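# A structural walkthrough
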Amino acid sequence: MEDRQRSWEELGISNDFLFGKVMQNPELCKELLQRILPDLDIDHIEYPELQKSIEQDRDAHGIRLDVYVKDDKETVYDIEMQVSNTKELPKRSRYYQSMIDLQLIDKKQHYKRLNRSYIIFICPFDLYDKGRHIYTFENICKEDNSVSMGDEAVKIFLNTEGTLDDVSKELMAFLDYVAGRKPDDTEDSYVKKLEEAVKEAKRNREWRHEYMTLLMRDQENVEKGREQGIFGMISALRDLDIPDSTILQKLQEKFLLTKEEAQEYLRC
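The shown structure was predicted, so the numbers you read here are calculated from the model rather than taken from an experiment. Each residue is numbered by its place in its chain's sequence as written, counting from 1. Reporting in this predicted model follows two pLDDT cut-offs: at least 70 for local features of residues, and 80 or more for side-chain atom pairs to be given and counted; totals over whole chains, interfaces and linings ignore these cut-offs and use all residues. Each side-chain value is derived from all of the structure's non-hydrogen atoms; neither hydrogens nor water enter the calculation.

## With respect to the overall build of the chain
The line we're drawing: A run of H or I in DSSP becomes a helix once it reaches four residues, and a run of E becomes a strand once it reaches two; helices and strands are each numbered from the N terminus. Partly exposed residues are those whose accessible area sits between 20% and 50% of the maximum for their type, while under 20% is buried and over 50% is exposed, using a 1.4 Å probe and protein chains only. When checking whether two residues touch, look at their non-hydrogen atoms; a contact exists if any pair is within 4.5 Å. Surface accessibility in these figures is a Shrake-Rupley result with a 1.4 Å probe; residues are shielded only by whichever protein chains are displayed.
Check the secondary structure of the chain and you find nine helices and eight strands. In the chain, which comprises 268 residues, the share counted as buried stands at 39%. Considering only contacts in the chain between residues 6 or more positions apart, those separated by 24 or more positions represent 61%. With an accessible surface of roughly 16700 Å², the chain has 47% of that area assigned to carbon and sulfur atoms.

See below:
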């Protein structure tokens, strides 16, 4: 528990849980959206649900959105903090889009009721290795780039490690903050407000307890998955008539077990 408490104190804005909590402040969330999408005129934002969960049925792959908001024009925004490059973000954004769309119109409603939507991933890595800080995707005709499909679905990938001069200094200040880089001599007012919000969030005992609970659950799931892998390996090797002495060695090598731990699994 002491380690988990220490990790809570050390969290920064790049942690998806803490990011979601900080973005519950409508002014902070609105200003971030305006920095990412400066051409939009957002009067105010609303929270249909905090950290919205979507699961169509028990067999579907459910999703939990970090920040899900809509503005005064009914435009929908999903903002995700993504630390790990899992190599599947483009297809995950496609899946998120489909799940969000299913929530936006009820049965028998016309498709034209689908809201304009933005799915935004904030990443500390360059997903496309082109040096850009921002990659914005809309459906465009391949044969004529001047023709937009008009489905009003936009996907944006932000990269804190870009090298090109392709974003405003305001957005760059935010990306530097996410990456843990110290701001320039002229401190950005928004970054300063974010820092204060992060400090305030860490003083929230309810949020700390929620984070600890989620962390413990994740650790339990990892351990369950590890045990399933161990037992699956034992079963597969025994089916091949591999002697237990060899299986014992394989378990120690693959799962970094002591001899005693591996023997205990073999006895189960």
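Next comes the rest of the account.
## Overview of the pattern of salt bridges
Rules: We count a salt bridge whenever a side-chain nitrogen from Lys or Arg sits within 4 Å of a carboxyl oxygen from Asp or Glu.
As enumerated under the stated definition, the model contains 14 salt bridges in all. The shortest N-O distance in the salt bridge between arginine 181 and aspartate 176 comes to 2.8 Å. Accessibility expressed as a relative area gives 18% for aspartate 176, which makes it buried. Across the pair arginine 203 and glutamate 200 runs a salt bridge, and its minimum N-O distance is 2.7 Å.

## Concerning the side chain of serine 117
When you line up the elements, serine 117 lands in strand β6 (residues 117-123). What makes serine 117 buried here is its relative accessible area of 3%. For serine 117, the residues in contact, after removing those within four places along its chain, are Val76, Gln97, Glu152, Ala153 and Val154.

## Quick look at the nonpolar core
We apply this condition: Here, nonpolar core means buried Ala, Val, Leu, Ile, Met, Phe, Trp, Tyr and Cys residues that are tied together by side-chain atoms lying within 4.5 Å of each other.
By size, the foremost hydrophobic cluster in this structure holds 45 residues, and its most contacted members are Val22, Met23 and Ile122. Here the element with the most residues in this core is helix α5 (residues 169-179); it accounts for seven residues. The contacts of isoleucine 122, once residues within four sequence positions are left out, are Phe19, Leu32, Ile79, Glu80, Met81, Gln82, Leu158, Phe174 and Val178. In terms of nonpolar packing, the next biggest core, distinct from the first, is built from 14 residues, Leu65, Ile100, Leu104 and Tyr135 among them.

## Concerning the side chain of asparagine 159
Let me state the cut-off plainly: Here a polar contact is recorded for every N or O atom pair within 3.5 Å, except that within protein the pair must consist of a potential hydrogen donor and a potential acceptor, and residues adjacent in sequence are included only if both atoms are side-chain atoms.
Within the element layout of this structure, asparagine 159 appears in strand β8 (residues 153-159). Among the polar contacts listed, one links the side chain of asparagine 159 to the backbone nitrogen of aspartate 126, at a separation of 3.4 Å.

## Some remarks on the sheet that holds β6
Filter applied, for reference: Any two strands with at least two DSSP bridges between them are considered paired. Comment: axis = line fitted to C-alpha atoms, over the contacting stretch for helices; angle = value between 0 and 180 degrees taken between N-to-C directions.
Across the sheet, six strands lie side by side as β1-β4-β5-β6-β8-β7; this open sheet has mixed pairing. A strand with exactly one partner marks an edge of an open sheet, and here the two such strands are β1 (45-46) and β7 (134-137). Two strands pair when backbone bridges link them, and strand β5 (residues 76-81) and β6 are joined in this way by six bridges, in the parallel orientation. For isoleucine 79, the partnering residue across the bridge sits in β6 and is isoleucine 120. Against the sheet, α5 engages β5, β6 and β8, with an angle of about 60° to β8.

## Some details on the pairing of β5
In terms of burial, β5 is largely enclosed, as six of its six residues are buried. Alternating residues of β5 divide into Val76, Asp78 and Glu80 and Tyr77, Ile79 and Met81, and every residue in both groups is buried. The sheet contact formed by strand β4 (residues 67-71) and β5 spans four bridges and is antiparallel. The residue of β5 that forms the bridge with tyrosine 68 is aspartate 78. What sits between the antiparallel neighbours β4 and β5 is a turn of four residues, in which glutamate 74 has the positive phi angle 70°.

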